[in-house]
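Chain residues, written in single-letter form:
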Amino acid sequence: MSLILSINAGINSSVGLFKDGRPVICVEEERFNRIKNWFGFPEKALNYLLEQGYVKQDELTDIAICDEVLGNVSRERFYERYDYHYNYGKMLAYNVGLERTKLDLKNKLKSAGLYKAYTQARHEKSNSNQYNEELYKKLAGSGFDVSKVVHVEHHLCHAASAYYGLAKNIDDKYLIFTLDGGGDNLRSTVSIGEGGSIERVSSGNEYSIGNIYSAITHHLGFRSHEHEYKLMGLAPYVNPEYATKYKEFFEQFLYLKNEDTEFANPEFINHSLFFSKVIRELGGSRFDNIAAGLQAFTEDIVIRWIKGNIRKHGIKKVLCAGGVFMNVKLNMLISQLPEVEFADVFPSCGDESNIFGAAFHTHNSKYNKEVALLGGYTLGTTPSADIEETLAANKGQIEYSKEEDINQAVAELLSKNMIVVRCSGRMEFGARALGNRSVLANPSRLQNINKINRSVKKRDFWMPFAPAILREDAETMINIPDSLKVQGSPYMMFAFDTKEDKRDDITCGIHQADFTARAQTVTKEHYPEFYDIISKFKQLTGIPCVLNTSFNLHGYPIVENSGQAVEVLLQSEIDVLVIDNYLIRRK
């Protein structure tokens, strides 16, 4: 038997407990400290697991740590780096003859392969090693045996999450792609999964598509590593001719080599040098054109990379993980490739989900070879613990009733075009709300988009919401490629083309420019209560679908408990809040 505590102490920090390879509970630090995309040790999340009795230190077989070397970078310091590089890029852009600067020296040392030796000569031991030691001290201080610690390399975490979590058959071969902004000195890998083992066949530490996308997100005034999806959502509004023009700009920084199987940069590049060219060459350009060119470039180069590796290795079952694959429009194109027989992307596949890969890899390498270890993604806390306390504390501001058939009541409210938020059952892990911490609405009423944005979400006007569709009815509303016929899209990781004759029924849940939808296919097995709500809504309206978006105020994490849910209700114009069997309204 294995009992593994898995910890991501980096970007979007998280912690999870895994028994015999399968997740028992997985939570993100942001849900407890209420700071979105938290960086660092998941102290409050880990304390929750200890206090609730999920984790007993002496019973653990292993403590899996994501990444071989951890960087001690706070959230504030991380974003300050972008400001630093951007400002330095401005200097380089407007002072093209600048010589002998600190950056110039650093770049020359890097180009000569001497920068690592240079930094080691200046520092007796690296900050990264110091942070590893600090992490061990925190674990030991909480009663954990640090001799049980196993570090799992960053991109192996990504690859292991996809292979061990999503592969359907241990005897089949799967081609595994990872792609992100970097971890453990890698940014892209290709591996083959077979027989419960992963063999890496290529890797790269290029200035990657993840770096480029995040840098442009910063350049356009958004928050990098958080708002990249806004650029993806903006892109379809742009004339394809303009997108092609700006796509050509990005092609100077990254290309494919070795018959389209590996990424490479034509010359050394980092954020400062990239920003300098962006500022010089794209100054005065419309932000939507830049976004469209970037998305077109991303889709083109990643698709060619995947096709090149399929040709080389002859494997047509594809699994993906890493932050770049949060791009659902890219994932849609992957799923539509005629070369691809089976495709899947690990849910919420940024660094927060590396706890799954670290645990899966540790279990498979030490205990038992298994795949299909991910049975669902509602793996967090429940709101039941504090519901009575919350109702009593807010009795002067709310009124509530307890319903015998809460799902029927919700369906009826939705059919009357009420905005209903649901905080029931176990909280979802990751960036996507999947019905348990969701804002729900009738998808056929276009005015509900503005109503939700005005009342709670306050999203940018061009950003679409998403439909949650009964799995058995999904193909009447969206075009599901053959590669997704078996597994569908239970975690909202793919966009789909919609059926033209059904667009009016789901108009709130589709992109208003290209009519695609980031659909969640809902089964009774994965989401029994949410499935029941949609089924009852279908009985009332004939529409097997509801609008679904995450339950949080703009800029804050998804709600975790009853108290936070009522707090959002009181700060917004939401019509009705549902917690377990309670219907709650403002007075």
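Residues numbered from 1 in each chain as written. Predicted model: local features only at pLDDT ≥ 70, side-chain atom pairs only at ≥ 80, totals over all residues. Heavy atoms only, no water.

**Some remarks on unusual backbone geometry**
- The backbone of N12 shows a phi angle near 50°, a positive value even though the residue is not glycine.
- Turning to its location among the elements, N12 is positioned in the loop between β1 (3–8) and β2 (14–19).
- Positioned with a positive phi, D20 is a non-glycine residue whose angle comes to about 50°.
- By secondary structure assignment, the location of D20 is in the loop between β2 and β3 (22–28).
- Judged by its relative accessible area of 33%, D20 falls in the partly exposed class. (Helix = DSSP H or I, 4+ residues; strand = E, 2+ residues; numbered from the N terminus. Buried < 20%, exposed > 50% of the residue type's maximum accessible area, 1.4 Å probe, protein only.)

**Quick word on the sheet that holds strand β5 (residues 149–152)**
- As summarised here, the arrangement of the five strands in space is β3-β2-β1-β4-β5, forming an open sheet in which the pairing is mixed. Edge positions in the sheet fall to β3 and β5, since each has one partner strand and no second. Averaged over all adjacent pairs, the angle separating strand axes in this sheet is 20°, with direction ignored.
- In terms of strand pairing, strand β4 (residues 62–66) meets β5 through four bridges, oriented parallel. Considered in β5, the bridge of I63 is made with V149.
- Across the sheet, helix α2 (residues 43–51) is in contact with β1, β2 and β3; its angle to β3 comes to roughly 135°. (Pairing = 2+ DSSP bridges. Axes fitted to C-alpha atoms, helices over the stretch in contact; angles between N-to-C directions. Contact = heavy atoms within 4.5 Å.)

**Remarks on the packing of helix α8 (residues 209–219) against helix α11 (residues 271–282)**
- Put simply, α8 and α11 touch, their axes get as near as 11 Å, and they point 55° apart. Comparing the axis directions of α8 and α11 gives the class oblique. Taken as a pair, α8 and α11 cross one another with a handedness that is right-handed. Facing α8, whose interface residues are N211, I212, A215, I216, H218 and H219, α11 presents H271, F274, F275 and V278.
- Classifying every residue of the contact of α8 with α11 by side-chain character gives six nonpolar, four polar and no charged. (Parallel < 35°, antiparallel > 145°, perpendicular 65-115°, else oblique. Left-handed = near helix turned anticlockwise from the far one by under 90°. Nonpolar A, V, L, I, M, F, W, Y, C, P; charged D, E, K, R; others polar.)

**Quick notes on helix α17 (residues 447–457)**
- Listing the buried residues of α17 in full gives N448, I449, I452, N453, S455, V456 and K457.
- Close packing links the buried residues of α17 with β15 (437–441), β20 (545–550) and α19 (562–571).
- In the stretch just after α17, K458 is the one whose phi turns positive, near 50°.

**Observations concerning the pattern of salt bridges**
- With the rule as written, the count across this model stands at 23 salt bridges.
- Where D300 meets K247, a salt bridge forms, and the shortest distance between an N and an O atom there is 3.9 Å. Remark: K247 occurs in helix α10 (residues 240–250) and D300 occurs in helix α12 (residues 287–313); sequence separation between them is 53 residues.
- Under the relative-accessibility criterion, D300 is labelled partly exposed at 26%.
- Of the residues examined, K247 reaches a relative accessible area of 17% and is grouped as buried.
- When the shortest N-O distance is used, the salt bridge between E475 and K485 registers 2.6 Å. Placement of the pair is E475 in the loop between β16 (466–470) and β17 (496–497) and K485 in the loop between β16 and β17, with a sequence separation of 10 residues. (Salt bridge = Lys/Arg side-chain N within 4 Å of Asp/Glu carboxyl O.)

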